[in-house]
Amino acid sequence: MKTCVRCRQEKSLDSFYRNKRSSDGRAYACKECKKLARSKDVSRRDYEKRKPTVSAYYKERYASGGDESREASRLAAKAASGELSDAYIRRLITQRSSLLPKNIPSSLVAVKRLQVQILRLAKEINDEKC
Ligand SMILES: [Zn+2]
């Protein structure tokens, strides 16, 4: 007879799986406890799989709004959080074209900065309405 470390019940050796690494050649927990632990593991794994991920949340959240509104609010948030530096504006432009930052004329940077400022204003107006 052997006492299971989990349920503390004394059971015959047949109730324990074989385990070569253990001193008596049997597992520490009885078969029933092992099965129970395994089924718990499975349900936990299932739960992790079902748990919505952060990216899935954002995907769903933005699925209703178009690409434009998402982009605009992202840019507005960025613009509001920092200075509209030339480097920043140039990066914005290169995101949408094949131009290299150094090849962007300063007039284009100025126009883009205005656009960002307009977007930021639009966001503020939109926030006030809510
Ligand atoms: Zn047990």
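None of these values were measured; they are calculated from a predicted model. (Residues numbered from 1 in each chain as written. Predicted model: local features only at pLDDT ≥ 70, side-chain atom pairs only at ≥ 80, totals over all residues. Heavy atoms only, no water.)

Asks: How should I be thinking about the overall build of the protein in this particular structure?
Replies: Each helix and strand in the protein was counted, giving five helices and four strands. The helix and strand sequence of the protein, counted from the amino end, reads β-β-β-β-α-α-α-α-α. A total of 130 residues make up the protein; the buried ones form 21% of that total. (Helix = DSSP H or I, 4+ residues; strand = E, 2+ residues; numbered from the N terminus. Buried < 20%, exposed > 50% of the residue type's maximum accessible area, 1.4 Å probe, protein only.)

Asks: So what exactly am I meant to see when it comes to a nonpolar patch on the surface here?
Replies: Together, Leu99, Leu108 and Val111 line one region of the surface with nonpolar side chains, adding up to about 230 Å² of accessible area. Looking at where Val111 falls in the secondary structure, it is placed in helix H5 (residues 106-129). (Patch = residues over 30% accessible without salt bridge, like charges linked within 9 Å, V, L, I, M, F, W, Y side chains within 5 Å. Areas by Shrake-Rupley, 256 points an atom, 1.4 Å probe, with all protein chains shown as cover. Salt bridge = Lys/Arg side-chain N within 4 Å of Asp/Glu carboxyl O.)

Asks: Hey, could you run me through the coordination of the zinc ion in this one?
Replies: In an ideal tetrahedron of four donors about a metal, each angle is 109.5 degrees. In an ideal octahedron of six donors, the angles are 90 or 180 degrees. The zinc ion binds to the protein through Cys4 (SG), Cys7 (SG), Cys30 (SG) and Cys33 (SG), with metal-donor distances spanning 2.2 to 2.3 Å. Of note is the zinc ion, whose four donor atoms meet at the metal with angles of 100 to 124° in an arrangement that counts as tetrahedral. On the primary sequence, the residues serving as donors to the zinc ion are separated as C-x2-C-x22-C-x2-C. On the accessibility criterion, Cys30 (1% relative accessible area) is buried. (Donors = N, O, S within 2.8 Å, 3.2 Å for Na, K, Ca; no water. Tetrahedral: all angles 85-135°; square planar, octahedral: opposite > 155°, others 65-115°.)

Asks: Looking at this structure, how should I read the pattern of salt bridges?
Replies: Between side chains of opposite charge, pairing is possible as soon as their charged atoms come close. One pass over the full model with this rule turns up four salt bridges. For Arg113, the salt bridge identified is with Asp86, shortest N-O distance 2.5 Å. Note that Arg113 is positioned in helix H5 and Asp86 in helix H4 (residues 86-96), a separation of 27 residues in sequence. Note that Asp127 is salt-bridged to Lys123, the shortest N-O span being 3.4 Å. Note that Asp127 and Lys123 are positioned in helix H5 at a spacing of four residues, about one turn of the helix. A relative accessible area of 43% means that Asp127 is categorised as partly exposed.

Asks: Please explain the nonpolar core as it appears in this structure.
Replies: A general trend in soluble globular proteins is that nonpolar side chains are found buried together. Of all hydrophobic cores here, the largest spans eight residues; its members are Leu84, Tyr88, Ile89, Leu92, Ile93, Ile104, Val109 and Val116. Taken together, the elements giving at least two residues each to this core come down to H4 and H5. By residue number, the principal contributor to this core is H4, which donates four residues. Counting five residues, the second-largest nonpolar core is a separate cluster that includes Cys4, Phe16, Cys30 and Cys33. (Core = buried A, V, L, I, M, F, W, Y, C linked by side-chain atoms within 4.5 Å.)

Asks: Got a minute to help me understand the confidence of the model for the protein in this structure?
Replies: It should be kept in mind that the predicted coordinates are not to be read in detail where pLDDT is low. Per-chain confidence: the protein averages 80 in pLDDT, with 73% of residues scoring 70 or above. The weakest mean pLDDT in the protein belongs to helix H2 (residues 54-63) at 63; the strongest belongs to strand S2 (residues 10-11) at 96. (pLDDT = per-residue confidence, 0-100.)

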